[in-house]
Amino acid sequence: MPNRIIMHRFKKLKMWQLSREFCTDIYQTTSKFPTNERFGLVNQLRRSAVSIASNIAEGSSRNSNKDFNRFLEIALGSAYEIETQLLISFDLNFLTEENLILLNKKLESISKMIIHFKKSLI
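Residues numbered from 1 in each chain as written. Predicted model: local features only at pLDDT ≥ 70, side-chain atom pairs only at ≥ 80, totals over all residues. Heavy atoms only, no water.

> Can you walk me through the nonpolar core in this structure?
A general trend in soluble globular proteins is that nonpolar side chains are found buried together. Of all hydrophobic cores here, the largest spans 31 residues; its most connected members are I26, I52, I56, L72, I82, L86 and I114. Elements supplying a minimum of two residues to this core: α1 (14-30), α2 (41-60), α3 (65-91) and α4 (97-121). The leading source of residues in this core is α2, at eight residues. Each residue touching I114, except ones within four places of it in the same chain, is listed here: M15, I52, I56, L72, A75 and L76. (Core = buried A, V, L, I, M, F, W, Y, C linked by side-chain atoms within 4.5 Å. Buried < 20%, exposed > 50% of the residue type's maximum accessible area, 1.4 Å probe, protein only. Helix = DSSP H or I, 4+ residues; strand = E, 2+ residues; numbered from the N terminus. Contact = heavy atoms within 4.5 Å.)

Dropping the structure here:
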């Protein structure tokens, strides 16, 4: 049986809404990083955060659940990149422990939503 096609309105998806808010959090947080990190961690964190929301949106426009699933995999990979980058930022004293915990909780929530949504596409 061929893959059932389900069109998703990405703006109504909670995981997209939260990833968009998270992107704003990352931009606000990295604006306080040292200026010499502008092309380092700041750029990496921002690009990865934008990637989560963007891949959810782009995947929702695809013609099959299999294609959408692939974009969700990419979004999830970006979330794991951010987790690593936040830990490195903390190690370098660019983030407080409180900030790290708050951002990681939000990221974990988004990641769990993506994982659960992926399961619904199978």
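Once the structure has been displayed, the description carries forward.
> It is not clear to me how the side chain of N55 should be interpreted in this structure. Could you clarify?
Within the secondary structure, N55 is located in helix α2. For N55, the side chain forms a polar contact with the main-chain oxygen of S51, separated by 2.9 Å. Apart from residues lying up to four places away in sequence, N55 is in contact with F71, I74 and A75. (Polar contact = N/O pair within 3.5 Å; in protein donor to acceptor, adjacent residues only side chain to side chain.)

> Any chance you could explain the packing of α2 against α3 here in plain terms?
To describe two helices that pack against each other, one gives the angle between their axes and the distance between the axes. Running from N to C, α2 and α3 cross one another at 160°; their axes reach a closest spacing of 8 Å. Regarding the angle of α2 to α3, the classification is roughly antiparallel. You can see that α2 and α3 cross each other, and the crossing is left-handed. Among the residues forming the contact of α2 with α3, the class breakdown is 14 nonpolar, nine polar and two charged. (Axes fitted to C-alpha atoms, helices over the stretch in contact; angles between N-to-C directions. Parallel < 35°, antiparallel > 145°, perpendicular 65-115°, else oblique. Left-handed = near helix turned anticlockwise from the far one by under 90°. Nonpolar A, V, L, I, M, F, W, Y, C, P; charged D, E, K, R; others polar.)

> Sorry if this is basic, but what is going on with the environment of G59 here?
On the secondary structure map, G59 appears in helix α2. Separated by 16 residues in the primary sequence, G59 and A75 have C-alpha atoms spaced 9.6 Å apart. Every residue in contact with G59, bar those within four places of it in the chain, is listed here: F68 and F71.

> Just to check I follow, could you spell out the packing of aromatic side chains for this structure?
A ring pair, where both rings are aromatic, is described by two values, the distance of the centres and the angle of the planes. All chains considered together, the criterion is met by three aromatic pairs. Between F10 and W16, the ring centres sit 5.0 Å apart and the planes meet at 75°, which makes this aromatic pair edge-to-face. By relative accessible area, which is 25% here, F10 ends up partly exposed. Centroid distance F68 to F117: 5.6 Å. Interplanar angle 65°. Geometry classified as edge-to-face. Here F117 lies in helix α4 and F68 lies in helix α3, a separation of 49 residues in the sequence. (Phe/Tyr/Trp six-rings, centres within 6.5 Å; stacked < 30°, edge-to-face > 60°.)

> In this structure, what is going on with the packing of α3 against α4? I would like to understand it.
The contact between α3 and α4 brings their axes to 10 Å, and the two run at 165°. Judged by the angle between their axes, α3 and α4 are roughly antiparallel. Here the hand of the crossing between α3 and α4 comes out left-handed.

> Please explain the environment of S111 as it appears in this structure.
If you trace the backbone, S111 turns up in helix α4. Sequence separation between S111 and I82 is 29 residues; the distance between their C-alpha atoms is 11 Å. For S111, the residues in contact, after removing those within four places along its chain, are L76 and A79.

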